Amino acid sequence: MNEPGTSVENAIDVADPSEEYEWLGRNPCACGGSWQLVFQALVGKAQKGAGTQMTDRLRVGCETCGAERDVFFVVTYEDEG
Ligand SMILES: [Zn+2]
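Cut-offs used in this document
- Residues numbered from 1 in each chain as written.
- Predicted model: local features only at pLDDT ≥ 70, side-chain atom pairs only at ≥ 80, totals over all residues.
- Heavy atoms only, no water.
- Salt bridge = Lys/Arg side-chain N within 4 Å of Asp/Glu carboxyl O.
- Helix = DSSP H or I, 4+ residues; strand = E, 2+ residues; numbered from the N terminus.
- Buried < 20%, exposed > 50% of the residue type's maximum accessible area, 1.4 Å probe, protein only.
- Contact = heavy atoms within 4.5 Å.
- Donors = N, O, S within 2.8 Å, 3.2 Å for Na, K, Ca; no water.
- Tetrahedral: all angles 85-135°; square planar, octahedral: opposite > 155°, others 65-115°.
- Pairing = 2+ DSSP bridges.
- Lys, Arg positive; Asp, Glu negative; His and termini not counted.

A.B. asks: Please give an account of the pattern of salt bridges that cites residues and values.
C.D. replies: Between side chains of opposite charge, a pair can form when the charged atoms approach closely. Inspection of every chain in the model, using the stated rule, returns four salt bridges. Between Arg69 and Glu3 there is a salt bridge, and its shortest N-O distance comes to 3.7 Å. With Arg69 in strand 4 (residues 68-78) and Glu3 in the segment before strand 1 (12-14), this residue pair connects regions lying 66 residues apart in the sequence. Taking relative accessible area as the criterion, Glu3 reaches 44% and is therefore assigned partly exposed.

A.B. asks: I'd like to hear about the environment of Val71, residue by residue, with values.
C.D. replies: Structurally, Val71 is set in strand 4. Taking the C-alpha atoms as reference, Val71 lies 7.2 Å from Ser7; in sequence the two are 64 residues apart. Apart from residues lying up to four places away in sequence, Val71 is in contact with Gly5, Ile12, Trp23, Leu24, Asp56, Arg57, Leu58 and Val60.

A.B. asks: Just give me the short version of the coordination of the zinc ion, but keep the residues and values in it.
C.D. replies: The coordination sphere of the zinc ion, as far as protein atoms go, consists of Cys29 (SG), Cys31 (SG), Cys62 (SG) and Cys65 (SG), spread over 2.3 Å. Geometry at the zinc ion is tetrahedral, judged from the four donor atoms that bind it and their angles of 102 to 117 degrees at the metal. Linear spacing of the donor residues for the zinc ion on their chain is C-x1-C-x30-C-x2-C. Here Cys62 lies in strand 3 (residues 51-62) and Cys29 lies in the loop between helix 1 (17-26) and strand 2 (35-48), a separation of 33 residues in the sequence.

A.B. asks: Can you explain the pairing of strand 2? Please cite residues and give values.
C.D. replies: Pairing of strand 2 with strand 3 involves twelve bridges; the strand directions are antiparallel. Across the sheet, the residue bridging to Leu42 is Asp56, located in strand 3. Adjacent in sequence and paired antiparallel, strand 2 and strand 3 are bridged by two residues, among which Gly49 carries a positive phi angle near 55 degrees.

A.B. asks: Before we move on, can you summarise the side chain of Glu20 with the specific residues and values?
C.D. replies: Looking at the secondary structure, you find Glu20 in helix 1. No salt bridge is formed by the buried Glu20; the nearest opposite charge belongs to Arg26, separated by 12 Å. The residues contacting Glu20, other than those within four sequence positions of it, are Val14, Gln40, Asp56, Leu58, Phe73 and Val75.

A.B. asks: How would you explain the environment of Cys65 if you had to name every residue and give the values?
C.D. replies: Note on placement: Cys65 falls in the loop between strand 3 and strand 4. Note on Cys65: relative accessible area 45%, which makes it partly exposed. Separated by 49 residues in the primary sequence, Cys65 and Asp16 place their C-alpha atoms 29 Å from one another.

In short, geometric facts, not functional conclusions.
So this is what it looks like as structure tokens:
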């Protein structure tokens, strides 16, 4: 099974960067621990229709067991005008 957000190709669509953290809150580590952000990087930017899609890579670490994973998100910004 291909988990969402494990690569750029199946990045999770969000409308706002704050939804990235909400998603992490709803999808804790397999051990049940909460994710803490290790680093965040912009890995892609593309024009799509009337908006700009930014692909974010979030490296998170579990505060309980120490596991780390990358989660990819795509945020679509509507262009002004
Ligand atoms: Zn854990």
